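# A closer look at the structure
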Amino acid sequence: MELTTPIRGVKGIGEKTEQLFQKMGVYTVGDILLRFPREYIRFPDPAEISEAAAGKKQAVILRVDAPVIVKRTRSMPLAIASGVHNSRKMEFLWFRMPYVRNTLIKGQTFILYGTVQEKGGMLSMEQPVIYTPEQYEIVAGSLQPVYGLTSGLTNNLYKKTLRQVLEQQLLLKEYLPQETRQKYGLAEYNYALSQIHFPTDMDTLSKARRRLVFDEFFQFILYMQLQKEQGQKIENIFTFRTEDILTPLLAKLPYTLTAAQLRVLEEIQKDLHGQYIMQRLIQGDVGSGKTIVAFLAMYLVSASGYQSALMAPTEVLASQHYETFAQYIELFGIKTHLVLLTGAMTAKQKRRAYERMQLFKDAMVIGTHALFQEKAAYDNLALVITDEQHRFGVRQRETFSLKGENPHILVMSATPIPRTLAIILYGDLDISVIDEVPAKRLPIKNCVVGTGWRPNAYEFIRKEIAAGHQAYVICPFVEASEYTEGENVIDYTEKLRQALPEGVEAAFLHGKMRSDLKNKVMEAFAANEIQVLVSTTVVEVGVNVPNATVMMIEDAQRFGLAQLHQLRGRVGRGEAQSYCIMINTSDAKGSSKRLDVLNRTNDGFQIASEDLKLRGPGDFFGIRQSGDIEFQLADIYQDAGVLQQASKEVQKILSCDRSLSMPQHQGLRAKAQEYFERQMERFNL
C-alpha cells in the first residue's frame with residue numbers, strides 16, 4: 001500500500017463506501033491521514049443503572065437477565081433490552097438493528113454508551129454503542145477521535161479504516177528544516193499525524209496539534225509571501241476620472257456615511273489613481289456598511305468606462321447584492337449596466353450574461369465562483385472585489401489577466417481580526433478598517449442564560465413572530481450522534497415546531513445540504529415564508545434579513561467570542577430592536593466569564609482582543625471560528641502565539657533563501673509547488 005493508493009485499496013472498503021469517502025474529499029490513503037478529527041471524547045467511568053442521570057452522555061452497566069425483544073413496527077424493527085439495579089429499571093432501544101439480540105447474550109455483562117433520557121419516570125437510552133467490559137476498559141483510558149462525516153459513514157468505520165492505514169507505517173516526508181523543529185520544539189511530522197488521530201493522552205495530543213497548527217500557519221504564510229513576491233508592484237495601466245463624482249451621489253443617500261467609510265473610500269480612490277494596482281483589504285465589523293463602499297468603488301470604475309466584478313460566497317448573497325445594487329442605481333439616477341452571473345443560472349441566462357459582459361464595457365458584474373469560469377470573458381476588467389472566503393492569490397489574478405489586464409484587487413472581511421494578526425494573515429494586502437457602525441443602527445441587546453430559561457426564550461420568540469419579525473436559532477451540530485453532546489439542527493427544528501404556535505414555519509439549514517436546497521431555504525427565510533431558521537454556523541455568511549430580530553445560540557460556550565459576535569451580526573440590520581440570547585449549557589466558571597464579554601460590548605475588534613486573552617492553551621475543543629481562512633486545525637484566536645512564531649520563521653527563511661534552493665529547504669520548495677497546483681485545481685484554472 002502506498003500513500004497514493006485509492007481508499008478502495010483498504011481492506012473492507014467496497015464501491016459504495018468508497019463513494020462516501022470520496023464525497024468528503026478522501027480519495028487516497030494519504031487523504032485520510034490528512035483529514036483530522038473534529039473533536040475528542042473521554043468516556044466516563046461506567047455507572048450502575050441506579051446512578052444514571054437523565055440528559056447526559058453516560059456509560060451504563062447492563063447485566064443481561066432476559067433475551068432482547070425485537071418488535072416489528074409498521075416502519076422498522078425495534079430491538080429492546082432492559083436492566084434493573086436497586087429497583088430502578090432502564091430500557092435500551094435500537095432502531096433498525098435486530099441483530100443486537102445476537103450480541104446481548106443472557107447472563108453476560110455489557111457497557112452501553114449513549115444519552116440517558118427520562119420519559120414518564122422511566123429511564124431509557126436510544127441507539128447506545130455496545131461494549132464488552134474489556135473493550136470499554138481500552139477506550140475509557142484514552143481520548144477517542146470524532147470525525148465530521150457524511151451520511152452513511154459511521155465514526156467507528158472511519159476509525160477502523162484509519163487504524164489500518166496507520167498500521168502500514170506509510171511515512172510522509174518531513175519537510176520542515178531540522179533547525180526550525182528544534183527551535184520551536186515541534187514534534188516529528190509522522191508522529192504528529194499518528195497522535196492527532198489516536199492520542200496517547202492530552203499531553204501528546206497538545207504536542208501533535210501544535211505541530212500541525214504550526215504547519216498550517218507556516219505553509220499559508222510562506223505561500224502567501226512567495227505569491228506576493230511574484231505579484232508585487234504591478235503597473236497600473238488604467239486611467240480613471242479625477243473629478244469628484246461621488247459627492248452628488250452621497251447627497252441622495254437617506255443616511256450619512258460614517259467618517260470611517262469616507263476614509264476608506266478616499267484610500268481606494270488614491271490606490272486607483274496610483275502608480276501600481278491596488279491590493280487592499282477592507283476590514284469592517286458586521287453592519288459597518290461595507291456594501292455601499294463596494295458599490296461606490298465599482299461605480300468609480302464604471303464611470304471611467306471600465307468593468308468591475310464582485311464575487312460573493314453564496315448564490316443567494318450574490319442575488320441580494322445584485323438587487324441592492326439595482327436599488328442604488330435607481331436611487332442615484334445613474335446609467336450603469338448591471339450583470340448577474342452564478343452557477344445556478346440556466347444555460348440561457350448564463351449565455352445572456354456573457355453577451356452583456358461583452359457588450360457593456362462599463363458593466364458591474366456580480367456573481368459567485370462562476371466569475372472565474374472559462375466562458376466568463378471580460379472586456380475591460382479593472383476592479384475585482386472578493387469576500388474573504390474567496391481570498392485568492394497571484395495565480396488566480398493571472399486568470400483575470402488572461403481575460404484582460406491586471407485588475408485592482410479589493411478583499412472585504414467582516415471577521416474582526418486584531419491588527420497585529422491581520423498584518424500577518426493579509427501580508428500581501430494593504431489594510432483599511434471601517435471601525436464605526438452607522439448611527440441609525442440600534443445596539444443589539446444581549447443576555448447569557450442557562451438551560452432553565454429556554455421556555456422563556458421560546459415565549460419571547462413567539463411574541464417577536466407575532467409582531468411580524470423572525471428569528472435564528474444556532475446549534476453546534478447537524479444531527480444527533482452517539483459521540484456528541486449538544487443540540488443539533490435536525491432534532492431542534494422538530495422541538496421548536498412542537499413548542500411554537502401552529503402557523504409558525506420553522507426550517508433547518510446546514511452545510512451538508514445541497515447548494516440548491518440551501519439557497520431555497522435562505523430565499524424562503526428572506527421572504528418571511530420561514531419565521532424561524534434553525535442553523536449551524538453556515539449562516540455566518542448569509543443574506544441580509546432586516547426583519548430578523550432574534551438570534552438564539554444554543555451551547556454558546558462551544559463557540560469562540562468572535563464567531564458569536566459574527567452570528568449575532570445576522571440580526572440588528574433593520575430599524576427594530578434586536579436581541580441575542582446565548583444559552584450556556586456548561587457549569588464551568590470560565591465559560592460564563594468568556595460569554596460575559598459579549599454582554600459588555602458590541603465592538604467586534606474589542607471582542608477579538610478579549611478572546612485572545614481568555615482562550616488559554618489546550619482550549620481547542622469548541623467550534624473553530626476562523627474557518628474563513630481555510631485551516632483544518634488552526635484558529636487564529638486561540639493559536640495566535642503559534643501564528644506569530646510561524647510568521648517569524650517564514651521571514652527568517654526567506655531572508656536568507658528567497659528561492660528555497662538550499663538543501664535544507666528542498667522539502668519546503670516541493671510543498672510550495674504542491675500548494676500552487678492545488679490552488680489552480682480549486683479555481684478550475
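Before reading on, note that the structure itself is shown above.
Residues numbered from 1 in each chain as written. Predicted model: local features only at pLDDT ≥ 70, side-chain atom pairs only at ≥ 80, totals over all residues. Heavy atoms only, no water.

Once that is clear, we can look at the overall build of the protein. Tallying secondary structure elements over the protein gives 23 helices and 22 strands in all. Radius of gyration (C-alpha) of the protein: 27 Å, near the 26 Å computed for a compact globule of 685 residues. Structurally, the protein occupies a C-alpha span of about 90 × 70 × 50 Å along its principal axes. Out of the 685 residues in the protein, the part that is buried amounts to 54%. Across the protein, every contact between residues at least 6 apart in sequence was considered, and the portion connecting residues at least 24 apart equals 73%. Counting every atom, the protein has about 30700 Å² of accessible surface; 49% of that belongs to carbon and sulfur. In the protein, 80 side chains carry a positive charge and 77 a negative one; their mean positions are 2 Å apart. (Helix = DSSP H or I, 4+ residues; strand = E, 2+ residues; numbered from the N terminus. Rg over C-alpha atoms; globule rule 2.2 N^0.38 Å. Buried < 20%, exposed > 50% of the residue type's maximum accessible area, 1.4 Å probe, protein only. Contact = heavy atoms within 4.5 Å. Areas by Shrake-Rupley, 256 points an atom, 1.4 Å probe, with all protein chains shown as cover. Lys, Arg positive; Asp, Glu negative; His and termini not counted. Charge placed at Lys NZ, Arg CZ, Asp CG, Glu CD.)

Looking now at the pairing of strand β9 (residues 143-146). In β9, alternate side chains face the same way, and those of L143 and P145 on one face and Q144 and V146 on the other are all buried. For strand β1 (residues 39-42) and β9, the ladder comprises four bridges, and the chain directions are antiparallel. By the bridge assignment, R42 is partnered in β9 with L143. (Pairing = 2+ DSSP bridges.)

Evaluation of the coordinates by the stated rule reveals 25 salt bridges. As a salt-bridge pair, R38 and E39 come within 3.7 Å of each other at their nearest N and O atoms. Owing to a relative accessible area of 9%, E39 belongs among the buried residues under this scheme. E459 is the partner of R462 in a salt bridge, and the nearest nitrogen-oxygen pair spans 2.7 Å. (Salt bridge = Lys/Arg side-chain N within 4 Å of Asp/Glu carboxyl O.)

Moving on, we get to helix α7 (residues 189-197). For α7, a buried count of seven out of nine residues is recorded, marking the element as mostly surrounded by other parts of the structure. Among all positions of α7, only Y189, N190, A192, L193, Q195, I196 and H197 are buried.

This part takes up the sheet that holds strand β19 (residues 506-509). On the basis of which strands lie adjacent, the open sheet formed by six strands has the order β17-β22-β21-β18-β20-β19 and parallel pairing. With partners counted over all chains shown, the strands left at the sheet margins are β17 (445-449) and β19, one partner each. Adjacent strand axes in the sheet meet at a mean angle of 15° when their direction is disregarded. Strand contacts of helix α17 (residues 489-499): β18 (470-474), β19, β20 (532-535) and β21 (548-553), with the helix running at about 170° to β19, the strand carrying the most contacts. Along the sheet face, helix α19 (residues 561-568) touches β17, β18, β21 and β22 (579-583) and points at about 150° away from the line of β21. (Axes fitted to C-alpha atoms, helices over the stretch in contact; angles between N-to-C directions.)

The seven strands lie next to each other as β12-β13-β11-β14-β15-β10-β16, forming an open sheet whose pairing is parallel. Since the sheet does not close on itself, it has two edges, and those belong to β12 (338-341) and β16 (430-434), each with one partner. Sheet twist, expressed as the mean angle between neighbouring strand axes with direction ignored, is 20°. When strand β14 (residues 381-387) meets strand β15 (residues 408-413), the two strands line up parallel, connected through five bridges. Bridge pairing in β15 places V384 opposite I409. The strands touched by helix α10 (residues 259-272) within the sheet are β10 (279-284), β15 and β16, with β16 carrying the most contacts at an inclination of about 155°. Helix α12 (residues 315-332) contacts β11 (307-311), β12 and β13 (364-367) of the sheet and is inclined by roughly 175° relative to β12.

This model, assessed by the stated rule, comprises 21 aromatic pairs. Summarising the aromatic geometry, the rings of F220 and F631 are spaced 5.3 Å apart at their centres and angled 75° between planes, so their arrangement reads as edge-to-face. Of this pair, F220 sits in helix α8 (residues 202-231) while F631 is found in the loop between α21 (604-614) and α22 (640-656), placing the two residues 411 residues apart along the sequence. Residue classification places F220 among the buried positions, given a relative accessible area of 14%. The class for F631 is buried, based on a relative accessible area of 7%. Relative to F325, the ring of F295 lies with its centre 5.0 Å away and its plane at 90°, an arrangement referred to as edge-to-face. Here F325 lies in helix α12 and F295 lies in helix α11 (residues 290-302), a separation of 30 residues in the sequence. (Phe/Tyr/Trp six-rings, centres within 6.5 Å; stacked < 30°, edge-to-face > 60°.)

Attention shifts here to the state of the cysteines. Counted under the stated rule, the structure contains zero disulfides. Here C580 stays unpaired: no disulfide links it, and the sulfur of C447, its closest cysteine neighbor, is 7.6 Å away. What makes C580 buried here is its relative accessible area of 1%. (Disulfide = S-S within 2.5 Å.)

Moving on: α11. An ideal rise of 1.5 Å per residue puts 18 Å on 13 residues; α11 measures up with 18 Å between its terminal C-alpha atoms. Of all 13 residues in α11, 12 are buried, a share of seventy percent or more. If you check which residues of α11 are buried, you get K290, I292, V293, A294, F295, L296, A297, M298, Y299, L300, V301 and S302. (Expected span 1.5 Å × (residues − 1).)

Here the focus is the side chain of Q219. With respect to the helices, strands and loops of the structure, Q219 is situated in helix α8. Here Q219 falls in the buried class, since its relative accessible area comes to 15%. At 2.5 Å, the side chain of Q219 and the side chain of Y175 are in polar contact. Not counting residues up to four positions away in its chain, the partners in contact with Q219 are Y175 and K671. (Polar contact = N/O pair within 3.5 Å; in protein donor to acceptor, adjacent residues only side chain to side chain.)

With that settled, consider the nonpolar core. Among the nonpolar cores identified, the biggest contains 89 residues, and F21, Y158, F217, F218 and L222 are the most heavily contacted of them. Per element, the largest residue contribution to this core is 13 residues, and it comes from α8. What Y158 contacts, discounting residues up to four positions off in sequence, is F21, M24, V26, I32, R35, Y147, L149 and L153. By size, the runner-up hydrophobic cluster in this structure holds 43 residues, among which are L296, M298, L410 and I434. (Core = buried A, V, L, I, M, F, W, Y, C linked by side-chain atoms within 4.5 Å.)

It is worth spelling out the pairing of β11 at this point. Among the five residues that make up β11, five are buried, leaving the element largely enclosed by the rest of the structure. Burial along β11 is two-sided: Q307, A309 and M311 and S308 and L310, pointing in opposite directions, are all buried. Across five bridges, the pairing between β11 and β14 is parallel. Across the sheet, the residue bridging to S308 is L383, located in β14.

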